[in-house]
Amino acid sequence: MDDALVEQAKEAKVEELSSLEEGSLVDLKGWVYVKSHHGGMVFVRLRDSTGLVQVVFKKNVVGKEKLELAEKLTRESSIRVIGAVHFDKRAPGGVEVHAKDFEVIGSAPSDYPIRPGVGVSVMLDYRHLHLRGVKMTSVWKVYSEMLKAVREWFEQHGYYEVHVPIFVTAACEGGATLFEVSYFGRKAYLSQSAQMYLEAAIFSLEKVYCVQPSFRAEKSRTRRHLTEFWQVEAEVAFADMWDIIEIEEQLLSYVCQKLKERAWKHLRKFRKKFTPPEPPFPRIKYDEAVDILQSKGVEIEWGEDFGADEERVLSKEFDTPFFVTHYPRQCKAFYHKPDPSNPSVTLSVDMLAPEGYGEISGGGQRIDDYQELVESIKLFGLKVEDYGWYLDLRKYGSVPHSGFGIGLGRTLQWILKAPHIRDVVMFPRTINRVYP
Ligand code: NSS
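Note that the structure is predicted; figures quoted are calculated from it, not measured.

A few points about the sheet that holds strand S17 (residues 348–353)
So, point 1. Read from one edge to the other, the open sheet built from eight strands follows the order S7-S11-S12-S19-S18-S17-S14-S13, with strand pairing classed as mixed. Whereas interior strands pair on both sides, the edge strands pair on one side only; in this sheet they are strand S7 (160–161) and strand S13 (283–285).
So, point 2. Inspection of the sheet shows S7 paired to strand S11 (residues 207–215) by two bridges, in the parallel sense. Within the sheet, the bridge partner assigned to Tyr-160 lies in S11 and is Val-208.
So, point 3. Helix H13 (residues 408–415) rests against S11, strand S12 (228–237), S17, strand S18 (358–365) and strand S19 (401–407) of the sheet, and its axis sits at about 55° to S19.

Below, the structure written as structure tokens:
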């Protein structure tokens, strides 16, 4: 590389180029996305984390040797280019870079496995490479903005962020989906939810949240189940189910507004229109949901849980996220508080995304009475001795409290209208995929 040029050039990212002046000398680093050549000129679309730009290599500027090197550039080779910004209506994006010098940082063989026309399984087998794609990059950026907005909302509302263990000794969401691990010869499990530990934390901090992975040995192959997924979970002392509903709708509404403001250029690659939902979201009871489903010809009896099919039908009836409350006891985990006015149902609440997507969050009010919790643990066929510390929370100064968990993958799947949850998760883990 020509030292004098390197000295004069300004390090730049692709997205900044259009704000620079004609002729500005820039120092760009990135990867070769597409290359073509015609009559003594080579055109490379260079990709960096901020976008794509066309770089033009001319023989009379870079010289014969470098032009030959440019002609041989392969897809995904990484290069550094010093060149001048040139505005040209014909260039994609209206701006291009005329190379004055360049070097190859890391060359790539010509067998890059992600080519036009390859199938979904190839893209998943090579996810470590596929994730660099321009559209995939937009997914990761929306995800990152989503997390930023989640944290902002909690920060603005007086919550503490905490982290709790992944190695645990008891089921939160039922034994059937526990992943067992050998913990120095003792039996332990991977956490299904941070909830029980967040419940402990509210006795110190009152309002807490965490962003953590959850693990479920899900045997079901659906478009919305992973074995490892991330939730944002919150727990609040002295809150009831209705308080939780308000928190969730405010949070989701804030996050969607911020995405619209800050990430529309990425979102629009996935949907034509995005109207952030505004509180209050519709609330219906489980009983009403069953009536709606039966009226649509779905065969469901009171007391049965909703599966993907039922939720799809139900959520097509709404054009904004909505809440379903008061699920029967047998549909929900042991910790849900029975409704004192009708103990066959619980003070539980799921939030469902519209347009056929279905459940994106689960939560509600927790049993806060010691004896009632002991009985519930037994009723669900669990061992009271496994829940010793959890029961202690009801022994020493128990308070009414509630919480929820929003699945980040499911939420992003809805926001980006993705057919499958794995489309929006960087390294998806499913029943038959644990590589790469
Ligand atoms: O099982 S949940 O409905 N509820 C809980 O885990 C509570 N303990 C959370 C709490 O109150 N702190 O899961 C919550 C959400 C659910 O609505 C989905 O959005 C997501 O977590 N979830 C999943 N996403 C992807 N794959 C799988 N298998 C999955 N299971 C739940």
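On we go from here.
Looking at the packing of helix H11 (residues 370–379) against helix H12 (residues 388–395)
If you want to describe how two helices pack, look at the angle between their axes and the distance between the axes.
So, point 1. Look at H11 against H12: their axes get within 8 Å of each other, and the N-to-C directions meet at 150°. When the axes of H11 and H12 are compared, the pair comes out roughly antiparallel. For the pair H11 and H12, contact is made by Tyr-370, Leu-373, Val-374 and Ile-377 and by Tyr-390, Leu-391, Arg-394 and Lys-395, respectively.
So, point 2. Split into classes, the residues belonging to the contact of H11 with H12 amount to six nonpolar, no polar and two charged.

Describing a nonpolar patch on the surface
So, point 1. A cluster of nonpolar side chains, namely Phe-167, Tyr-183 and Phe-184, defines an oily patch on the protein surface of about 380 Å² accessible area.
So, point 2. In this fold, Phe-184 is placed in the loop between strand S9 (180–183) and strand S10 (186–190).

Here we look at the site of the ligand
So, point 1. Contacts to the ligand come from 24 residues, most closely from Glu-173, Gln-195, Glu-233, Glu-359 and Ile-360.
So, point 2. Gln-231 places a polar side-chain atom, nitrogen or oxygen, 3.5 Å from an oxygen atom of the ligand.
So, point 3. Between the ligand and Ile-360 there is a distance of 2.8 Å, counted from an oxygen atom to a backbone nitrogen or oxygen.
So, point 4. If the ligand stood free it would expose 620 Å²; the protein chains cover 95% of that surface.
So, point 5. Counting only elements with at least two residues in the shell around the ligand, the list comes to S12, S18 and S19.
So, point 6. The element contributing the most residues to the shell around the ligand is S18, with five residues.

Definitions and cut-offs
- Residues numbered from 1 in each chain as written.
- Predicted model: local features only at pLDDT ≥ 70, side-chain atom pairs only at ≥ 80, totals over all residues.
- Heavy atoms only, no water.
- Pairing = 2+ DSSP bridges.
- Helix = DSSP H or I, 4+ residues; strand = E, 2+ residues; numbered from the N terminus.
- Contact = heavy atoms within 4.5 Å.
- Axes fitted to C-alpha atoms, helices over the stretch in contact; angles between N-to-C directions.
- Parallel < 35°, antiparallel > 145°, perpendicular 65-115°, else oblique.
- Nonpolar A, V, L, I, M, F, W, Y, C, P; charged D, E, K, R; others polar.
- Patch = residues over 30% accessible without salt bridge, like charges linked within 9 Å, V, L, I, M, F, W, Y side chains within 5 Å.
- Areas by Shrake-Rupley, 256 points an atom, 1.4 Å probe, with all protein chains shown as cover.
- Salt bridge = Lys/Arg side-chain N within 4 Å of Asp/Glu carboxyl O.
- Near = heavy atom within 4 Å.
- Polar contact = N/O pair within 3.5 Å; in protein donor to acceptor, adjacent residues only side chain to side chain.

Keep in mind these values describe shape, not function.
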